[in-house]
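Examination of the molecular architecture
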Amino acid sequence: MSPNSSNSPHSPYPIAIGVAIAIGILVILLEFRGVEAKDSNSFLPPLQVHLLPPTLAQWQVLSKAGDYFSEVKPTAAGYLVWSEFPIKVYLDRPENLQDSSASNRRFQQWTNAVAEAIREWNAYLPLIEVKQPELADIAIERYLPPLGVQIDRETGRIKRFRARSAQTRCEFYIRAGNPPILSHRMTILINPGLSDRSILSAARHELGHALGIWGHSRVETDIMYFSQVRTPPSISPRDINTLKKVYQQPTRLGWALPLNNSSPYKKR
Ligand SMILES: [Zn+2]
């Protein structure tokens, strides 16, 4: 862990780019605000490969099972790889454990299902729960994702609305320090109204995105299958084969920003 790791993810430099992914839908959001970088690419760290985390280094790739790495697309920052472990996860929990109301019990069931998904992924990448969302790398919130819309290009009108059961959004930020580090933070929204089984399945799937599988499988027995299925699968060998390949790819995340006189990230 680097000496900068205790810094809050809310850096003084605003988000440059955000991307989001949801079950069956790929949404790209581009936000440019705050610091104006005339040639922003020139300030990004070069693409480099991180050391494979021991949990994935130990994973014996079952080549017969195959993978769907070709469906995982790199972002402007490269592959969405974590490089500091354990990865800090915030999970929405009911505040009052003594409250036995039906709504609080439903909240607790939601939390239990998501916690189970965290335990399952923890076998492949070390995760630790943190109590403050602002300290988290991945924040999982009990919140209805915004309604998706499909817009007709020709008429400019809304063709249809699309409800989502869950969504994962990625934000890039500069973690202040010397040197400043290009970092990312994931926010997962999971619909509070889902059944326990669907919450577990959605949490498994969205955590797969948040851990770096930024794409979907075409095989129904993979947790990263693009659509919801009647019998939700567990994390499959193909899911982990894919995850391991992702972590062998180059990324700009977790690397120091090159400092030069014209860089807006230069320490003052
Ligand atoms: Zn998805």
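Residues numbered from 1 in each chain as written. Predicted model: local features only at pLDDT ≥ 70, side-chain atom pairs only at ≥ 80, totals over all residues. Heavy atoms only, no water.

Looking at an unreviewed UniProt entry, one finds the protein chain named Peptidase, with Hydrococcus rivularis NIES-593 as its source organism.

**Side note on the overall build of the protein chain**
Rules: Segments assigned H or I by DSSP are reported as helices when at least four residues long, segments assigned E as strands when at least two residues long, and all are numbered from the N terminus. Partly exposed residues are those whose accessible area sits between 20% and 50% of the maximum for their type, while under 20% is buried and over 50% is exposed, using a 1.4 Å probe and protein chains only. Note on areas: Shrake-Rupley, 1.4 Å probe, and residue coverage restricted to the protein chains presented here.
For the protein chain, the helix and strand inventory stands at four helices and eleven strands. Scored against the burial criterion, the 268 residues of the protein chain give a buried share of 48%. Here the protein chain has roughly 14300 Å² of accessible surface; of this, 52% comes from carbon and sulfur atoms.

**Considering the nonpolar core**
Here is the rule: By convention a nonpolar core is built from buried Ala, Val, Leu, Ile, Met, Phe, Trp, Tyr and Cys residues, the set being connected through side-chain atoms within 4.5 Å. Whether two residues touch is decided by their heavy atoms; if any such pair falls within 4.5 Å, the residues are in contact.
V114, W121, I138, I140, I190, L211 and L243 are the most contacted members of the largest nonpolar core, which totals 53 residues. The set of elements that each furnish at least two residues to this core consists of strand 4 (87–91), helix 2 (102–122), strand 6 (138–142), strand 9 (166–175), strand 10 (181–190), helix 3 (196–210) and helix 4 (237–246). For this core, the element with the most residues is helix 2, which contributes eight residues. With residues near it in sequence (within four places) discarded, W121 still touches L127, R204, L207, G208, L211, I213, I223, I235, I240 and L243.

**Some words on the side chain of T111**
Within the secondary structure layout, T111 lies in helix 2. Judged by relative accessible area, T111 falls into the buried class, the value being 0%. In this structure, T111 is in contact with L91, D92, R93 and P94, ignoring residues within four places of it in sequence.

**Re helix 4**
Here helix 4 lies mainly inside the structure; eight of its ten residues are buried. Within the sequence span of helix 4, burial applies to R238, D239, I240, N241, T242, L243, K244 and V246. Packing partners of the buried residues in helix 4 comprise helix 1 (54–57) and helix 2.

**Topic: a nonpolar patch on the surface**
Convention followed: Patch membership requires over 30% relative accessible area and the absence of a salt bridge. Like charges are linked within 9 Å, and nonpolar side chains (Val, Leu, Ile, Met, Phe, Trp, Tyr) within 5 Å. The term salt bridge refers to a side-chain nitrogen of Lys or Arg lying within 4 Å of a carboxyl oxygen of Asp or Glu.
On the surface, a cluster of nonpolar side chains totalling about 510 Å² of accessible area is made up of L147, V149, I151, I158 and F161. Sorting the residues of the nonpolar patch by element identifies strand 7 (148–151) and strand 8 (158–162) as the ones contributing at least two each. Tracing the backbone shows V149 in strand 7. By relative accessible area, V149 is classed as partly exposed at 45%.

**Remarks on unusual backbone geometry**
In this chain, F85 is followed by P86 through a cis amide linkage whose omega measures -5 degrees. Residue position: P86 is located in the loop between helix 1 and strand 4. The omega angle of the peptide bond from N178 to P179 is 5 degrees, so this bond is cis rather than trans. Assignment of secondary structure puts P179 in the loop between strand 9 and strand 10.

**Side note on the coordination of the zinc ion**
In plain terms, the rule: Nitrogen, oxygen and sulfur within 2.8 Å of a metal are treated as its donors, or within 3.2 Å for sodium, potassium and calcium (Na, K, Ca); water is not counted, so a site can appear incomplete.
Note on the zinc ion: its protein donors are H205 (NE2), H209 (NE2) and H216 (NE2). The metal-donor distances range over 2.0 to 2.1 Å. Written as a sequence motif, the donor residues of the zinc ion are H-x3-H-x6-H. Of this pair, H205 sits in helix 3 while H216 sits in the loop between helix 3 and helix 4, placing them eleven residues apart in sequence. Assigned by exposure class, H205 and H216 land together as buried.

**Some remarks on the pattern of salt bridges**
Following the criterion strictly, the structure yields eight salt bridges and no others. One salt bridge in this structure joins E129 and R93, with 2.8 Å as the shortest N-O distance. Of this pair, E129 sits in strand 5 (residues 127–130) while R93 sits in the loop between strand 4 and helix 2, and the two are 36 residues apart along the sequence. E129 sits in the partly exposed class, given a relative accessible area of 31%. One salt bridge connects E120 with R204, and the closest N-O pair in it is separated by 2.5 Å. Taken together, the residues E120 in helix 2 and R204 in helix 3 connect sequence positions 84 residues apart. Given a relative accessible area of 8%, R204 falls into the buried group. Through salt bridges with shared partners, a single network forms among R93, E129 and K131.

**Concerning the pairing of strand 6**
To keep it simple, the criterion reads: The criterion for strand pairing is that DSSP finds at least two bridges linking the strands in question.
Across three bridges, the pairing between strand 4 and strand 6 is parallel. Within strand 6, the position partnered with V89 by the bridge is I138. Note: strand 6 against strand 10, five bridges, orientation parallel. Within the sheet, the bridge partner assigned to R142 lies in strand 10 and is I190.

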